[in-house]
Amino acid sequence: MDFILESIQDLVNLLFFLAIVGTIGVSWLYAHRLKKQHSASFPWSKTALIVGIEVLLWIGFTIFWSILKTFWVPILIIAIIAIVLISRKKRKYV
């Protein structure tokens, strides 16, 4: 099970890295074209804010995933119990 969880974490880390590099690359390309065509400056502060949010999400995911990898059995048991309790609830349709 650890191999599967580590593989998922590696894949998500790669996706976060590609998202950050893509954000910086597209911003640089857009800034270059904006400067060339309109002689205007690019709002790099907004790009920095977006990259900062992406990095914080990456850190948050890493912390969440380390907790999940450590306690995956109790989390799985609680999730199964919650699904069973939710599915047993009778729904009344109007």
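Procedures and definitions
- Residues numbered from 1 in each chain as written.
- Predicted model: local features only at pLDDT ≥ 70, side-chain atom pairs only at ≥ 80, totals over all residues.
- Heavy atoms only, no water.
- Helix = DSSP H or I, 4+ residues; strand = E, 2+ residues; numbered from the N terminus.
- Phe/Tyr/Trp six-rings, centres within 6.5 Å; stacked < 30°, edge-to-face > 60°.
- Buried < 20%, exposed > 50% of the residue type's maximum accessible area, 1.4 Å probe, protein only.
- Contact = heavy atoms within 4.5 Å.
- Axes fitted to C-alpha atoms, helices over the stretch in contact; angles between N-to-C directions.
- Parallel < 35°, antiparallel > 145°, perpendicular 65-115°, else oblique.
- Nonpolar A, V, L, I, M, F, W, Y, C, P; charged D, E, K, R; others polar.
- Core = buried A, V, L, I, M, F, W, Y, C linked by side-chain atoms within 4.5 Å.

Asker: A description of unusual backbone geometry should follow, citing residues and the corresponding values.
Answerer: With a phi angle near 50°, Ser39 is a residue other than glycine that sits in the positive phi range. Within the secondary structure, Ser39 is located in the loop between helix H1 (2-38) and helix H2 (44-70).

Asker: Explain the packing of aromatic side chains to me, using residue names and the numbers behind them.
Answerer: Following the criterion strictly, the structure yields six aromatic pairs and no others. Where Phe16 meets Phe61, the ring centres are 6.0 Å apart and the plane angle is 40°; that geometry is what we call tilted. With Phe16 in helix H1 and Phe61 in helix H2, the pair connects residues that are 45 residues apart, well separated along the chain. When sorted by exposure, Phe16 lands in the same class as Phe61, which is buried. An angle of 75° between the planes, with centres 5.7 Å apart, marks the rings of Tyr30 and Phe42 as edge-to-face. Linking Tyr30 in helix H1 with Phe42 in the loop between H1 and H2, this pair joins segments that are twelve residues apart in sequence. For Phe42, a relative accessible area of 15% translates into the label buried. An aromatic cluster is present here, built from Phe16, Trp58, Phe61, Phe64 and Trp65 joined pairwise through their rings.

Asker: Before we move on, could you go through the environment of Ile20 and cite the residues and values that matter?
Answerer: Positionally, Ile20 belongs in helix H1. Residues Ile20 and Ile50 lie 30 residues apart in sequence; the distance between their C-alpha atoms is 8.8 Å. In this view, Ile20 contacts Val51, Glu54, Val55 and Trp58; residues no more than four positions away in its chain are not counted.

Asker: Describe in detail the side chain of Thr47, supporting the description with residues and values.
Answerer: By the element assignment, Thr47 lies in helix H2. Sequence-distant contacts of Thr47, that is, excluding residues within four places in its chain, are made with Ser27 and Phe42.

Asker: Go over the packing of H1 against H2, please, and point to the residues and values.
Answerer: It is at 11 Å that the axes of H1 and H2 come closest, and there the two elements cross at 180°. Put simply, H1 runs roughly antiparallel to H2. Residue composition of the contact of H1 with H2, by class: 18 nonpolar, six polar and three charged.

Asker: Explain the side chain of Gln9 to me, using residue names and the numbers behind them.
Answerer: Tracing the backbone shows Gln9 in helix H1. Aside from chain neighbours lying at most four places away, what touches Gln9 is Phe61, Thr62, Trp65 and Lys69.

Asker: How would you explain the nonpolar core if you had to name every residue and give the values?
Answerer: Across soluble globular proteins, nonpolar side chains show a tendency to be buried alongside one another. The biggest cluster of nonpolar side chains holds five residues, and these are Leu5, Phe16, Phe61, Trp65 and Leu68. The dominant element in this core, judged by the number of residues it contributes, is H2, at three residues.

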